[in-house]
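Residue-level listing of the chains:
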Amino acid sequence: LFANLPLLPADPILDLGRVFAIDNRPHKINLGIGVYLDEQGVTPIMAAVAEAEARVETAEDTKAYLPPRSVPGFADNIARLALGQDSDLPGSGRLGVIQTPGGCGALGVSGGLMRRSGIKTVVMGTPTWSNHRPVYTAAGLAVRMIPYLDRATGGVDFAGYRAAVEQLGPDDVLLLHGACHNPTGVDLSPEQIDIIADIAAARGFLPMIDTAYHGLAHGLDADAYILRSFAQRVPELLISYSCSKNFGLYRERTGALIAIGKSPDRAAVLESHMLDLAREFYSMAPAHGALIVADILGSPELEANWRSELATMQRSIQARRNLLADALEKTEVGDSLSYVRDQNGMFSLLPLSPEQTQRMRDTHAVHMAASGRINVCGIRADNVDYLAGALASTMIE
Ligand code: PMP
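Residues numbered from 1 in each chain as written. Predicted model: local features only at pLDDT ≥ 70, side-chain atom pairs only at ≥ 80, totals over all residues.

Looking at an unreviewed UniProt entry, the chain carries the name Aspartate/tyrosine/aromatic aminotransferase, with the source organism given as Flavisphingopyxis soli. Comment text from UniProt for the chain, heading Sequence similarities (unreviewed entry), reads "Belongs to the class-I pyridoxal-phosphate-dependent aminotransferase family." Regarding the chain, the UniProt comment filed under Subunit (unreviewed entry) reads as follows: "Homodimer." (UniProt positions renumbered as here; feature names shortened; annotations may be inferred.)

This paragraph deals with the site of the ligand. As a structural note, the neighbourhood of the ligand is formed by 13 residues, with Gly102, Gly103, Cys104, Ser242 and Ser244 the closest of them. Looking at which element gives the most residues to the shell around the ligand, the answer is helix α5 (residues 102-116), with 3 residues. The residue inventory of the shell around the ligand, partitioned by class, reads 4 nonpolar, 8 polar and 1 charged. (Near = placed C-beta within 6 Å. Helix = DSSP H or I, 4+ residues; strand = E, 2+ residues; numbered from the N terminus. Nonpolar A, V, L, I, M, F, W, Y, C, P; charged D, E, K, R; others polar.)

Moving on to the confidence of the model for the chain. Across the chain, the average pLDDT comes to 96, with 100% of residues at 70 or higher. Per the prediction output, this complex has pTM 0.97; the corresponding ipTM is 0.99. (pLDDT = per-residue confidence, 0-100.)

The subject of this paragraph is the pairing of strand β2 (residues 95-100). Across the 6 residues of β2, 6 count as buried, placing the element largely inside the fold. Of the two faces of β2, the one carrying Leu95, Val97 and Gln99 and the one carrying Gly96, Ile98 and Thr100 are both buried. Where β2 and strand β10 (residues 255-260) come together, 6 bridges link them in antiparallel fashion. Bridging across to β10, Val97 finds its partner in Ile258. (Buried ≥ 20, exposed ≤ 12 C-beta atoms within 10 Å, placed from the backbone. Pairing = 2+ DSSP bridges.)

Strand order in this open sheet of 7 strands is β2-β10-β9-β8-β7-β3-β4, and the pairing throughout is mixed. If you trace the sheet from one side to the other, it starts and ends with β2 and β4 (142-147), each paired once. Ignoring which end each strand starts from, the neighbouring axes of this sheet average 20° apart. As paired elements, strand β9 (residues 237-242) and β10 share 6 bridges and run antiparallel to each other. Considered in β10, the bridge of Leu238 is made with Ala259. Taken strand by strand, helix α7 (residues 158-165) contacts β3 (121-126), β4 and β7 (172-177), and its axis lies near 140° from that of β4. (Axes fitted to C-alpha atoms, helices over the stretch in contact; angles between N-to-C directions. Contact = placed C-beta atoms within 7 Å.)

As C-alpha cells, this is what we get:
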C-alpha cells in the first residue's frame, strides 16, 4: 500500500547537529544549530524556568486534561507580553488566543484559519525560514515570494519590499517576522514597520507576524514594536508566538496563536475555529511548558528574574556579533561583513555559496547551513579568530 512513497532526505537544518556530532576534529565550530548557546556552548535551562518547573511539579496531582484553549494563566499572559501591559485589546474582547505546540503549531493552525477564511496566497519576503513555505503549502495555500533582503548592504531592500506590498489585496496574507528575522537577522526599522502597517490598513490584506525570538534583539518592549504598531493600525491581525527561544523551552513545545478580530463577535468566531483546527490536528497542546510560563508570568518576582536572564542572553548574542565583526575587520574581508554587528538575534546570512559552506566544513571544520546562515551563538572569544581566518580564506580564494 505504501510502496509508492519515496524515501525523503533528512531535514537539512536538523541534520546538521548529527553531522557536527560525528566530526572528531577538536577545533570544530557549530554555527548550524538553531538554538541559543551561552559562551560555554551550553543551551541552559533558565533559572526562572527551573524554579517554576519545580513548583509546577510539586503542585501537579493529576495528568487529566486541561482546558483546550490554554492552561490557566498562559494565553492571557502571552497576550500581555506580546501586546503590552497597557494595551486595551485584552479588555476589548477583540482577542482570540489559544495555546499551541510551539510556534510551529501556531503557524499550522493559522494556515487552516486562512484557508477556511478564503484566503488564497501567503506572501513572504525572500529569503525566509525554511519551514514557512511547507507549513502554508500543506494548508492548501499558494506561496509567493517578494523581495526583502538586500544582499549588497545586509539590510532591507525596502523600496522593493514596499512596492510589492503595495500590490497586495484582501485575498492575500503578508507573513512578517517578529524581531530577529530568520535566517537573515535583518529586521524592519520602526519607521518601516509603520509604513507597511499603514499599507496593510489601506489595502486590506491580512498581516501574520511570526514571533519566535521576542526579547532577543533589543529587549521585550522594543522587539514588540512590530506587534503593537500593526495591532494599532489594522482591524485584523494574526500573531504566532513561540516560547522556545525566549524561555528556552524548545522540546516542551510551548507557544500561542493570537488573533485580533474586527469586533468581539468576530474574535469569538476566530477563536472557535482555532480550537476546532487544533482539535483536527492534535486536539490540544502539551501542558508542561505552558504551566511553567504561566507560573513565571503569574509571579512578579519570577517574571523579573526571567526578564533579567533574557536580557543577559540578548547582550551575549550582541557580544558574539561584535566579536565576529571585530575579527573579520582584521582579515582581508575587512568591513564588508560589518553589517553582522547591526543585525538582530542569533542568525545572519553570510554571502557564501553552497560549495563554499561545504568547504568551510570539509577544510575548516566549521559547520553551517548550505544557505550561508550562521548562528552567532557558536562564536566564542577563543574560536573567533580561527573562524574569521577560515571565512576570509574561503571567501577570498
Ligand atoms: N518561526 C521561526 C522564524 C523560527 O525560527 C522558529 C524556530 N526555529 C519557529 C517559528 C518555531 O519554533 P517552535 O515551533 O520550536 O516554537
